[in-house]
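Okay, here's what each chain looks like letter by letter:
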Amino acid sequence: MGKTYQIIEYGSFVRGKSIKGYTCLPNDIFDTLEEFILSNKNRDVEALEFMNISVKRGIGKIITAKNYVGIIEIKDGITIEILPKIYSQKDVTEAKIKKLVMDMLKTLRKSPYKSLQVANVSVDKMNIFEIFIRMFINEVLLIVKKGLKSNYETIESNERVFKGKMKFTQQIRYNYAHKEQCYVEYDEFNTNCPENKLLKSTLLYLYKNTCSLKNKNDIKMLLNSFLEVDKSTNYEEDFNRIIAADRNKKDYTTALLWSKIFLMGKSFTSFSGSKIAFALLFPMEKLFESYVAEILRKNLNKSLYSISIQDKTYHLFDKPNKKFLLKPDIVVKNKKNNDIFILDTKWKLLSNQKSNYGISQSDMYQMYAYSKKYGAKNVILLYPNAENTIINKTIEFESNNGTSVKVKFIDLFNIKYSINSLISEL
């Protein structure tokens, strides 16, 4: 089983030596990770500030994780796992933090993570990549139990018995001297459809890359059900054929979303790297925002309130053309009195030891703009609760023109209580 090197957000790796406060990576692994970061920094992708490289006197090169969590799988089986910063809190176990990440991922729209079920998975014994593999295996197990779907496959071949329709051009080319053969095209009903080809290709890929003996054994068992299915030779073409050909195979939906992630790197962003087998990284701002918004949406009384996520009603300027779109994370409107509540999530740990508790000036400018454009008297900044956070103190900033911004905290390990307390204020 390959080794896993674990780090939390804003933690740092050093090269080949043990230094207090840093995680040591072997020279070759450090060099591979550095090459991966540099090769992706030149690409025009929004999500590439997941790590940076610096140099410190007496230490040398340092690779520092930023606000992304997830995994980077190196081709020789080595895994680098990045966990949220709140893992550094007391009494927060690895299993607890991984379950939280899974719960947050489940709230992302149009993703396979909605089906994540970790109740029967030993998350403390698996890295995130292995957990995702387990989820895919579970989806394919359900498909195999119900039976692989079949479809008509168009086949062209030289046959001794005529069937389907003759392909005259190919008949003349290949069978001029073989009158006993017929070059034909016909449809055959079998399991060799694009969906099953993609699932088989994913299973084969994961069999090579998993380090979990249980995952490997289960994949080997599942592959026995795909003996009559070919591997996909063109992933993109086969995914397009599914969209164009058959939208009714609902049992396959989640498994195919997983396949797209594993085979084509279709998550938040795709990464490149010659020695990287797989990289799946998630910005914590997005996860926190999605998690809070989804729990709030589920618990709000829909007869009293309407909710808009990433609202696009207003721009900062209206003339001569609308410019600088405002996109507050959550806008809640009271249907009875039309009161508007603006809630914006910020993935940052506040502290009594920091100026203005660590709240950035640009965030406050943003809240002020929301208040004015939406006419909202209730503007709230939401931060994750942590052991060094001010939790027994009301933080509120007021201006003489009536603008007020409150700061509230969300307990991620008891989020329903935090959200219901927030709703009671609304």
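Attention in this report is confined to the structure presented alongside it. Just so we're clear, the structure is a prediction, and the values are computed from it rather than from any experiment.

Orientation of helix 3 (residues 128–146) relative to helix 5 (residues 194–209), taken along the N-to-C sense of each, is 145°, at an axis distance of 11 Å. Both helix 3 and helix 5 take part in a crossing whose hand is left-handed. In this structure, helix 3 contributes Phe129, Glu130, Ile133, Phe136, Val140 and Ile143 to the contact, and helix 5 contributes Leu199, Thr202, Leu203, Leu206 and Asn209. Tallied by class, the residues present in the contact of helix 3 with helix 5 amount to 8 nonpolar, 2 polar and 1 charged.

Adjacent strands of a sheet form backbone hydrogen bonds with each other and so pair up, either parallel or antiparallel. Taken together, the 6 strands give an open sheet; going across it, the order is 12-15-16-17-19-18, and neighbouring strands pair in mixed fashion. Two strands bound the open sheet, and with one partner strand each, they are strand 12 (305–309) and strand 18 (395–398). The sheet shows a mean angle of 20° between the axes of neighbouring strands, direction not considered. Alignment of strand 12 against strand 15 (residues 330–334), held across 5 bridges, turns out to be antiparallel.

For the structure on display, the rule yields 8 aromatic pairs. A ring pair is formed by phenylalanine 129 and phenylalanine 262, whose centres lie 6.2 Å apart and whose planes are at 70°; its orientation type is edge-to-face. With phenylalanine 129 in helix 3 and phenylalanine 262 in helix 8 (residues 253–264), the pair connects residues that are 133 residues apart, well separated along the chain. Side by side, phenylalanine 129 and phenylalanine 262 carry an identical accessibility label, which is buried. Members of the aromatic cluster, connected to one another through ring pairs, are Phe129, Phe132, Phe136, Trp258, Phe262 and Phe282. The cationic tip of lysine 96 hangs over the ring face of phenylalanine 413; the distance from NZ or CZ to the ring centre is 4.7 Å. For the cation-ring pair, lysine 260 lies above phenylalanine 239, with the distance from its terminal atom to the ring centre recorded as 4.8 Å.

What counts and what doesn't
Residues numbered from 1 in each chain as written. Predicted model: local features only at pLDDT ≥ 70, side-chain atom pairs only at ≥ 80, totals over all residues. Heavy atoms only, no water. Axes fitted to C-alpha atoms, helices over the stretch in contact; angles between N-to-C directions. Helix = DSSP H or I, 4+ residues; strand = E, 2+ residues; numbered from the N terminus. Left-handed = near helix turned anticlockwise from the far one by under 90°. Contact = heavy atoms within 4.5 Å. Nonpolar A, V, L, I, M, F, W, Y, C, P; charged D, E, K, R; others polar. Pairing = 2+ DSSP bridges. Phe/Tyr/Trp six-rings, centres within 6.5 Å; stacked < 30°, edge-to-face > 60°. Buried < 20%, exposed > 50% of the residue type's maximum accessible area, 1.4 Å probe, protein only. Lys NZ or Arg CZ within 6 Å of the ring centre and 35° of its normal.

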